[in-house]
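What follows is the residue order along each chain.
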Amino acid sequence: MKNISTKYIAAFSFSILLGLTSCDSALEVDLPSNQLSSETVYASDATTEAAVNGIYQSMVAGFFYNHVHSILGQTSDELILASGLTNTANTNELIETDGTVSSMWTELYKTIYNANNVIEGITKSNSLTPAKSRQWIAEAKFLRAYSYFYLTNIWGNVPLVLTTNIDVSALLPQSSQDVVYTQIIKDLTEASQNLPTNYANYDNERIRATKWASETLLARVNLYLGKWSEAASHATAVINETGTYNVITGLSATNSPFISNNNEAILQIPYFNVNYSYEGSSVFLNANTAAFLLRNGSTLFETDDARKINWTRNVTSTQGSLSGVAPTKYKNRFGASPIERSTVLRLAELFLIRAEARVHSNNITGAQQDINVIRNRALLGNTTLTNSNQLLDLIALERQREFFAENGHRWLDLKRTGKTDETLSVLSDKIWKSTDAFYPIPETAIRSNPFLEQNSGY
């Protein structure tokens, strides 16, 4: 298969834009009326801005607003179907022909492709405003890094595609997680240097990446790699931006970290051409029925935890007995004008990242302080624990309470801390094997690239 033509590349980038409109002015720009060649797209600031927005709009897909919550939640010990039925996700019997697994893989690589296209197009152009060009390339690198973070954590070794040249990328072998992480850190470090430090360039809407989004993801990546000092340093950089970010007090349906432009939001993705939240219509239902229940919902929270009160709902059977506890973080379901947005990164994670890093660095007092920020926000008392292992267990529990059914945190936490076997093998409804820690490479990808090797166990 030969190189995709420049006209096709540009058309691919704009295909999403052509079918979607946004009520958020920061993502609204005029599109080119006819010519869609790469030279035309990257000849003006306006059309280049549209191409950059196209990367974000490629994230309005099943993985980013549904599967990252629901599928990863089911393969962990977090979500079960409210119907009581089982499927290949909650029994950990995913197969390489699974359509959902394939779409997740494809959607992440589509975002990466669009990011690569922007980086290449801007780099080759001589007619763009230099300062804007640096920012746009930084945004593309951030979004590429974000996508690769999930690819390597879900599938392990994956092709590291850094070009739109099909002759180069079509038959790439998998790169090791170490190599992928090296590229992620490189992209994020470079992005952090050129991203804006506030949202003024985005009409004060928190819907595009800033320096602090990059710093947040750097904090997470370094935590996953066990680089405690670096994780704490990047987390502190964001936490110290108190003029922009502050922990919400008084959690409620109209005062939550999922509301548009709230003080905890670091990066959110707006909804397009709909009058409901995608999450509220697919994962976090708040009607009389629920899609999912929290496996440990009745025992997960302490008494009076504001997160249980505001982010969950008891589900009763037709006979009136308690069936379980459903996650309801997003309130705007069908028929409601969404005051919420898909929340990609938020401040609470930084306190728990720094707390964990501080425990590993023997800064017990500092760790306690960070844990207590999250506990107090949930109307819980301060921790009195001083033992390192007990504090790490508490942090893991607070992460479970804070991020349940959200962005795959629980699944990835179990994997990075080596707790998958001991946690999931004892659950009677799971058919667990250690090799289930990585999802199968989609059969379609294996067929199209003979240099790909299937993950063990599939």
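Scroll up to find the structure this text is about.
Residues numbered from 1 in each chain as written. Predicted model: local features only at pLDDT ≥ 70, side-chain atom pairs only at ≥ 80, totals over all residues. Heavy atoms only, no water.

*Asks:* I'd like a description of the overall build of the protein chain, backed by residues and values.
*Replies:* Of the regular secondary structure elements, the protein chain holds 19 helices and 6 strands. At 22 Å, the protein chain has a C-alpha radius of gyration in line with the 23 Å of a compact globule built from 458 residues. Overall size of the protein chain, expressed as C-alpha extent along the three principal axes, is 60 × 50 × 50 Å. With 458 residues in all, the protein chain has 59% of them scored as buried. Of the roughly 17800 Å² of accessible surface on the protein chain, a fraction of 49% belongs to carbon and sulfur atoms. Of the side chains in the protein chain, 36 bear a positive and 43 a negative charge, and the two mean positions are spaced by 1 Å. (Helix = DSSP H or I, 4+ residues; strand = E, 2+ residues; numbered from the N terminus. Rg over C-alpha atoms; globule rule 2.2 N^0.38 Å. Buried < 20%, exposed > 50% of the residue type's maximum accessible area, 1.4 Å probe, protein only. Areas by Shrake-Rupley, 256 points an atom, 1.4 Å probe, with all protein chains shown as cover. Lys, Arg positive; Asp, Glu negative; His and termini not counted. Charge placed at Lys NZ, Arg CZ, Asp CG, Glu CD.)

*Asks:* Describe in detail the pattern of salt bridges, supporting the description with residues and values.
*Replies:* Tallying each qualifying case throughout the model produces 29 salt bridges. Across the salt bridge formed by lysine 141 and glutamate 190, the nearest N and O atoms sit 2.5 Å from each other. Linking lysine 141 in helix α6 (residues 130–155) with glutamate 190 in helix α8 (residues 177–194), this pair joins segments that are 49 residues apart in sequence. Look at glutamate 190 and you get partly exposed, because its relative accessible area is 24%. For aspartate 436, the salt bridge identified is with lysine 433, shortest N-O distance 3.3 Å. Taking relative accessible area as the criterion, aspartate 436 reaches 4% and is therefore assigned buried. The network of salt bridges with shared partners includes Glu264, Glu302, Asp305, Arg307, Lys329, Arg346, Arg375, Arg377, Glu398, Arg401, Glu402 and Glu406. (Salt bridge = Lys/Arg side-chain N within 4 Å of Asp/Glu carboxyl O.)

*Asks:* Account for the packing of aromatic side chains, naming residues and giving values.
*Replies:* Summed over the entire model, instances satisfying the criterion amount to 21 aromatic pairs. Centre to centre, the rings of tyrosine 65 and tyrosine 278 are 4.2 Å apart; their planes meet at 20 degrees, and the pair counts as stacked. Here tyrosine 65 is found in helix α4 (residues 62–75), whereas its partner tyrosine 278 is found in helix α11 (residues 278–282), with 213 residues between them in sequence. The ring centre of tyrosine 224 lies 5.3 Å from the NZ or CZ of arginine 416, which sits over that ring. (Phe/Tyr/Trp six-rings, centres within 6.5 Å; stacked < 30°, edge-to-face > 60°. Lys NZ or Arg CZ within 6 Å of the ring centre and 35° of its normal.)

*Asks:* Could you give me a rundown of the environment of threonine 197, with the residues and numbers involved?
*Replies:* Inspection of the secondary structure assignment puts threonine 197 in the loop between α8 and α9 (211–224). Taking the relative accessible area as the measure of exposure, threonine 197 reaches 42% and is therefore partly exposed. Sequence separation between threonine 197 and serine 103 is 94 residues, and the spatial gap between their C-alpha atoms is 34 Å. If sequence neighbours within four positions are ignored, threonine 197 has contacts with Lys211 and Trp212. (Contact = heavy atoms within 4.5 Å.)

*Asks:* Report on the side chain of aspartate 413, specifying residues and quantitative values.
*Replies:* As for its placement among the helices and strands, aspartate 413 is situated in helix α17 (residues 409–416). Polar contacts involving the side chain of aspartate 413 include one to the side chain of arginine 416, which spans 2.9 Å. Every residue in contact with aspartate 413, bar those within four places of it in the chain, is listed here: Tyr224 and Arg399. (Polar contact = N/O pair within 3.5 Å; in protein donor to acceptor, adjacent residues only side chain to side chain.)

*Asks:* Run through helix α16 (residues 388–402), naming residues and quoting values.
*Replies:* Here α16 is 15 residues long and its end C-alpha atoms lie 21 Å apart, about the 21 Å a rise of 1.5 Å per residue gives. Among the residues making up α16, those that are buried are Leu391, Leu394, Ile395, Glu398, Arg399, Gln400, Arg401 and Glu402. Regarding α16, its N-cap is asparagine 387, as a side-chain oxygen of that residue lies 3.0 Å from the backbone nitrogen of asparagine 389 further along. (Expected span 1.5 Å × (residues − 1).)

*Asks:* Which residues make up the packing of α9 against α17, and what values do they have?
*Replies:* Between α9 and α17, the least distance of the axes is 10 Å, while the angle of their chain directions is 35 degrees. Contacts between α9 and α17 involve Arg220, Leu223 and Tyr224 on the former and, on the latter, His409, Leu412, Asp413 and Arg416. Each residue belonging to the contact of α9 with α17 can be placed in one class, and the counts come to 3 nonpolar, 1 polar and 3 charged. (Axes fitted to C-alpha atoms, helices over the stretch in contact; angles between N-to-C directions. Nonpolar A, V, L, I, M, F, W, Y, C, P; charged D, E, K, R; others polar.)

*Asks:* Describe the nonpolar core, with residues and values.
*Replies:* Membership of the largest hydrophobic core comes to 113 residues, with the highest contact counts inside it found for Phe142, Tyr148, Tyr150, Leu151, Trp155, Ile184 and Tyr439. Tallying contributions element by element places α6 first for this core, with 14 residues. Filtering out sequence-adjacent residues up to four positions away, tyrosine 148 remains in contact with Tyr109, Ile112, Val158, Pro159, Leu160, Val161, Val180 and Ile184. Formed by 8 residues, the second largest nonpolar core is a distinct cluster that contains Ala355, Val359, Ala367 and Ile395. (Core = buried A, V, L, I, M, F, W, Y, C linked by side-chain atoms within 4.5 Å.)

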